[in-house]
Amino acid sequence: MTNLEVSAENEDAGPGGYAAARLLLLHEKERSGPPRRTALARLTDDWLAALFAAAAPPRGTALVAVGGYGRSELSPRSDLDLLLLHDGTADKAAIAALADRIWYPVWDLGLALDHSVRTPAEARTTAAEDLKVHLGLLDARPLAGDAGLVAALRTTVLADWRNQAPKRLPELDALCRERAERAGELQFLLEPDLKEARGGLRDAQALRAVAASWLADAPREGLDRARRRLLDTRDALHLATGRATDRLALQEQDAVAAELGLLDADTLLREVYEAARTISYATDVTWREVNRVLKARSARPRLRSLLGRSGGGRSGGKPPIERTPLAEGVVEMDGEVVLARTAKPERDPVLPLRAAAAAAQSGLPLSPHAVRHLAATAKPLPVPWPAEAREELVTLLGAGEATVPVWEALEAEGIVTRLLPDWERVRCRPQRNPVHTWTVDRHLVETAVRAASLTRRVGRPDLLLVAALLHDIGKGWPGDHSVAGETIARDLAARVGFDRTDTAVVATAVRHHLLLVETATRRDLDDPATVQAVATAVGTLGTLELLHALTEADALATGPAAWSSWRASLVADLVKRVAGVLAGEPLPDPEAAAPSAEQERLAIEALRTGEPVLALHARDEHAADPDPDASAPEPVGVELVIALPDQPGVLPAVAGVLALHRLTVRAADLRAVDLPTGLGTGSVLVLDWRVAAEYGSLPEAARLRADLVRALDGSLDIPARLAEREAAYPRRRGLTAPPPRVTVAAADSRLATVIEVRAQDAPGLLHRIGRALEGAAVRVRSAHVSTLGANAVDTLYVTRPDGSLLPPEEAVDLARTLETALG
């Protein structure tokens, strides 16, 4: 017995004694996890039992812990779930007085209390009406009083649960699904609710309830350890915050990790995700078994009736279970994919992949018993893999959505990391960018799922699917994940059995999987150096075709913010230009390109009036889609063309007016057009913008023009108006944006110096950049804006006023000036 336990025993039943002992326990570093929860429950048991005894309870009464407290799982800020049970013979006033003498000391300490007063009959009736009450009573544990009364209630409640399982379990299943829809999947959330989210503590408790029904049981491997990890994390969260919370907020994760002795917040999230994945997989398997058993039970009366009318049958009327062959050594039985009786995993190293591919192609779950047996007995694949194994992997990846549950089954038993050892580094690895929906490993699988629908667009679907599975494999290593991933992908492709040429294509695709989208959204596609650089990196039309499909699959698997008609159109435009270069076609000279008819018309009008003129209309271009059967894509945005006499301050003025009207800038091209006049030649600045409304409809062109005139003559104070907007801009509590970073990009452009600005997205960011550039006396040729989540990447093509490139030292100075201005 520890000193703490001795001191707790010597304390009286008053709140002060319990509070002091509780505080000592919670700050005792030597005890954490299950021992601390058990000790806290025991300490609380003793205190409540003393309160009960001091109240001189009538006969036939008992104090009962239910729910989490009934399981002796008290976290530092857990509620106390208590039931005052009585047999109905005592006076109601005496029972009420007894309840008050227990509840009020609990409230006086500021502890959360979930309490009720009931007879066994009332408890049973309430449980029948309220599923949550019934679940809590399954863990009923006597604290003080009539133990026989509690034992009788437990027996009755458990018998009711088993007898009513065909009705209650579907209710519980629906409750779990509704909660998952509301709270999301714990294993993918950056700020998960440890209790309510799918794969959390509520689901772990639901699995216990299913097991108590005797109808089905969850896979036990790792389940207790996963549940314990979530409970330990909740304990640390309560201690770190001092609050009763189950949400692991971003600003609390470092403190929680430190409380648990973990390296950092990423390590914490990874352990939480691994636990949630174990519970989620067990949940899927268990509810599938529950539904199978209930379906079989409902079919038996009808079957017996049919057999009775037909005079019975063999085996006492029980029909044989059908086993439908799916592949060599693999059959379908009772709605699952299982191993054939003749299967020999110890002699057939391809069997795990063959079974997985058959399950995915047939859209059936892979039996957890079969997966476990394969994990324990299957012979390892030789390296490099035989052709059949490679083909089965491609078949598995090409099954689309059906791939995901089969892959999860393989992961649950460690088969994936055995096949692809480098998978371990990305497994359950969190992605801090909120644009990402999934962890790294699940994102890779989701990318393969998306790629499966694009295989008709490429000549080598197998290379596309494998590249999709491996494109972010380098995220488990330090440095640029594309560079690290190229080396890993080369090794894994060779391991899987691709020849040297195919391995090189997969490695190139992984190295350059971001090349198309980053170039298309951040570089000037009219600059020959841009297109030539991509052509050089890609090398062949076949690789370009593969990269195009991989780019789309990767973006679609990232999240809704990562792909749009606008991005698709830019990438398609870039691919078309690069394909021309690879086919030997010459690139057009952008300097020789004449202004469009509309640009020329607006320029003439601006020169005649001496004022800005503009046109605003939806672009009639569409995202390129080689599939003629695909539905018509959306328009890619709005084109705004402005012409005005060349003068200082144009870029910040236009960018500021657009920001005030809540128009998001995607790209801007600026060019000077020289037009003949009666006195010689006049210079007009033509700006071609691609914009989109943040929400609502587009503003009227006349209003934009009026505000632009006011901005240029100084009567509209854009910085002040944008400052008001930025003050109201919502920011996440506890999050500090990293400082802006401005660099000189190595773009090899002959037309301009390329400056890249990375900063937190905010209203008027391009306006602030424009003002800084105006002060630096440089000319902006074009601007390209890319935003993902809260992060903006603005790429600026700038020259000296005479159109020449900036010398390297001037470019570096400009980058520093911009960084200072934005900071």
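Higher on the page you've got the structure.
Residues numbered from 1 in each chain as written. Predicted model: local features only at pLDDT ≥ 70, side-chain atom pairs only at ≥ 80, totals over all residues. Heavy atoms only, no water.

**Some details on the nonpolar core**
One finds L366, W385, W407, L420 and W423 to be the most contacted residues of the largest nonpolar core, which totals 93 residues. When near neighbours in sequence (up to four residues on either side) are disregarded, L420 contacts W385, W407, L469, L492 and V496. Core analysis: the second largest hydrophobic core is formed by 50 residues, I642, V654, L722 and L765 among them. (Core = buried A, V, L, I, M, F, W, Y, C linked by side-chain atoms within 4.5 Å. Buried < 20%, exposed > 50% of the residue type's maximum accessible area, 1.4 Å probe, protein only. Contact = heavy atoms within 4.5 Å.)

**Some remarks on helix α29 (residues 701-713)**
Taking 1.5 Å per residue as the helical rise, α29 with its 13 residues ought to reach 18 Å, and the 19 Å between its terminal C-alpha atoms agrees with that figure. By the burial criterion, the buried members of α29 are L704, D707, L708 and A711. The buried residues of α29 occupy an angular sector of 105° when projected down its axis, which confines them to one face. Turned more than 90 degrees away from the buried face of α29, the exposed residues are A702 and D713. (Helix = DSSP H or I, 4+ residues; strand = E, 2+ residues; numbered from the N terminus. Expected span 1.5 Å × (residues − 1). Arc of directions from axis to C-beta.)

**Section: the sheet that holds strand β6 (residues 330-333)**
Taken in spatial order, the 3 strands line up as β5-β6-β7 in an open sheet, and their pairing is antiparallel. The sheet is open, and its two edges are formed by β5 (323-327) and β7 (336-339), each paired on a single side. The average undirected angle you get between the axes of adjacent strands in this sheet is 40°. Sheet topology note: the β6/β7 ladder contains 4 bridges and is antiparallel. Bridge pairing in β7 places V331 opposite V338. (Pairing = 2+ DSSP bridges. Axes fitted to C-alpha atoms, helices over the stretch in contact; angles between N-to-C directions.)

**Here's the deal with the packing of aromatic side chains**
Under the defined criterion, the tally for this structure stands at 4 aromatic pairs. Between Y104 and W107, the ring centres sit 5.1 Å apart and the planes meet at 90°, which makes this aromatic pair edge-to-face. Here Y104 and its partner W107 are both found in helix α5 (residues 92-108), 3 residues apart, which amounts to about one turn of the helix. Judged by its relative accessible area of 35%, W107 is partly exposed. Taken together, a centroid distance of 4.8 Å and an interplanar angle of 90° make the contact between F188 and W438 edge-to-face. In this pair, F188 is assigned in the loop between α9 (165-183) and α10 (201-212) and W438 in the loop between α18 (415-419) and α19 (440-452), connecting sequence segments 250 residues apart. A relative accessible area of 11% places F188 in the buried class. Seen from the ring of F498, R390 lies directly overhead, with NZ or CZ sitting 5.4 Å from the centre. For the cation-ring pair, R425 lies above W477, with the distance from its terminal atom to the ring centre recorded as 3.6 Å. (Phe/Tyr/Trp six-rings, centres within 6.5 Å; stacked < 30°, edge-to-face > 60°. Lys NZ or Arg CZ within 6 Å of the ring centre and 35° of its normal.)

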